[in-house]
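# Coordinates in review
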Amino acid sequence: MGVMRVLEFVRRCVRRTNETQPPEHVSCYSLQGLTVLQLYPCQVNAHLGTTPNIKHIAIGRCYTYITLVNPSLRFDCEEIWRQFEEVVSRQSSCNVTMQDYHQMFDVMAQTLPCNKFLFWSKTRALMQSYAAVFKHFWTLEDTLVGYMFNDLIWCGQDEDSGFDFSSCPRWSACNNHPVFSLWRQASQNFAEMACGNITVLLNGSIANAFNRRSMFGSVELDSLNPQKVDYVNIKVVTSLEGPHIESCTQGSIVDLLQILHSRGFRWTCTDSDQKLLILMCIQDPNRTFCQNFTNNFELRSLTSI
């Protein structure tokens, strides 16, 4: 979808909102026709125990994925679940390592196309919109493992086999948390596959936009291969009205660029990507910035004809 088409949607959304309904009732999200699931379950809920009906949810999502989402794939959903259950249900809740999941990942390995990998850190909502509108991107959420286990919680019992449905430890409580280990392995696999031009979305409205302790900073960045990746295209985005804390020339993002340079990566860095600004205005079209931005963009487009 081109910038002008997205811009026209924003213009209509702003006009319709101003004419018919107050800001709190805005519902202009038709560009996001694809439902994008959130990844990495909330740690706050981890103590509640394994997600009820997790087996039916996971297997059902697997069949949905290979039947409707990506029907060209052939996977044995029952075997994937067996491998997963074998890892989690027979070990204590703080004793599941990344390596324990290797057999499961072997039976659900995917090959993804180059030039389509999208990474992110502290930009989840924007990443979802970006990937939904510009559908040529692949995120970890778009893989089978991301689709199956998104937003689920699981752990084994410490003194018996099987899942613990009453209580699971928080991620911070142990080094080898079963949920954290799976996502670390999934993130590593995803980054190791990355090839061609890749995109990274970072949040310039917070300190430490690039954080070495994040999943991107601690796992994915180190797993990228400079022999396979042509360019790392970093897009720094801030909230529409600030604060503007970090940028391509300021803060922790400078550290990221130095790491990329030292490892032999070629990179680009953009602070104000027009497509990202437009997407944020779709979600909050009544902002003064969005109305001014839309009018100015239209004026520049007309004068360039």
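Structural data are supplied above this passage.
We now turn to the structure provided with this report.

Cut-off values and rules
- Residues numbered from 1 in each chain as written.
- Predicted model: local features only at pLDDT ≥ 70, side-chain atom pairs only at ≥ 80, totals over all residues.
- Heavy atoms only, no water.
- Helix = DSSP H or I, 4+ residues; strand = E, 2+ residues; numbered from the N terminus.
- Buried < 20%, exposed > 50% of the residue type's maximum accessible area, 1.4 Å probe, protein only.
- Polar contact = N/O pair within 3.5 Å; in protein donor to acceptor, adjacent residues only side chain to side chain.
- Contact = heavy atoms within 4.5 Å.
- Salt bridge = Lys/Arg side-chain N within 4 Å of Asp/Glu carboxyl O.
- Axes fitted to C-alpha atoms, helices over the stretch in contact; angles between N-to-C directions.
- Parallel < 35°, antiparallel > 145°, perpendicular 65-115°, else oblique.
- Left-handed = near helix turned anticlockwise from the far one by under 90°.
- Phe/Tyr/Trp six-rings, centres within 6.5 Å; stacked < 30°, edge-to-face > 60°.

### Concerning the side chain of Gln-110
For Gln-110, the position within the fold is in the loop between α4 (102-106) and β1 (118-121). The buried category is assigned to Gln-110, whose relative accessible area is 13%. From its side chain, Gln-110 meets the backbone nitrogen of Leu-144 in a polar contact 2.6 Å long. Apart from residues lying up to four places away in sequence, Gln-110 is in contact with Tyr-65, Asn-70, Leu-73, Phe-75, Trp-138, Thr-143, Leu-144 and Met-193.

### Let's talk about the pattern of salt bridges
All told, the structure shown has four salt bridges when counted by the stated rule. The partner of Arg-82 in a salt bridge is Glu-79, and the shortest N-O contact between them spans 3.0 Å. Linking Arg-82 with Glu-79, this pair stays in helix α3 (residues 77-89), spanning three residues, or about one helical turn. You can call Arg-82 partly exposed: its relative accessible area is 44%.

### So, the packing of helix α2 (residues 54-69) against α3
Closest axis-to-axis distance for the α2/α3 pair is 9 Å, and the angle between their directions is 140°. On the basis of the axis angle, α2 is oblique to α3. Seen from above, α2 lies across α3 with right-handed handedness. Counted together, Ile-54, Lys-55, Ala-58, Ile-59, Cys-62, Tyr-63 and Ile-66 of α2 and Cys-77, Glu-78, Ile-80, Trp-81 and Phe-84 of α3 form the full contact between these two elements.

### Looking at the packing of aromatic side chains
Taken as a whole and assessed by the stated rule, the structure comprises 14 aromatic pairs. Measuring from centroid to centroid gives 6.5 Å for Phe-84 and Tyr-101, while their planes differ by 25°, and the two rings are stacked. Placement of the pair is Phe-84 in helix α3 and Tyr-101 in the loop between α3 and α4, with a sequence separation of 17 residues. Residues Phe-84 and Tyr-101 agree in their burial class; the two are buried. Plain terms: the ring middles of Phe-84 and Phe-149 are 4.6 Å apart, the flat faces sit at 35° to each other, and that makes the pair tilted. Here Phe-149 lies in helix α6 (residues 144-149) and Phe-84 lies in helix α3, a separation of 65 residues in the sequence. Summarising the burial analysis for this pair, Phe-84 and Phe-149 share the class buried.

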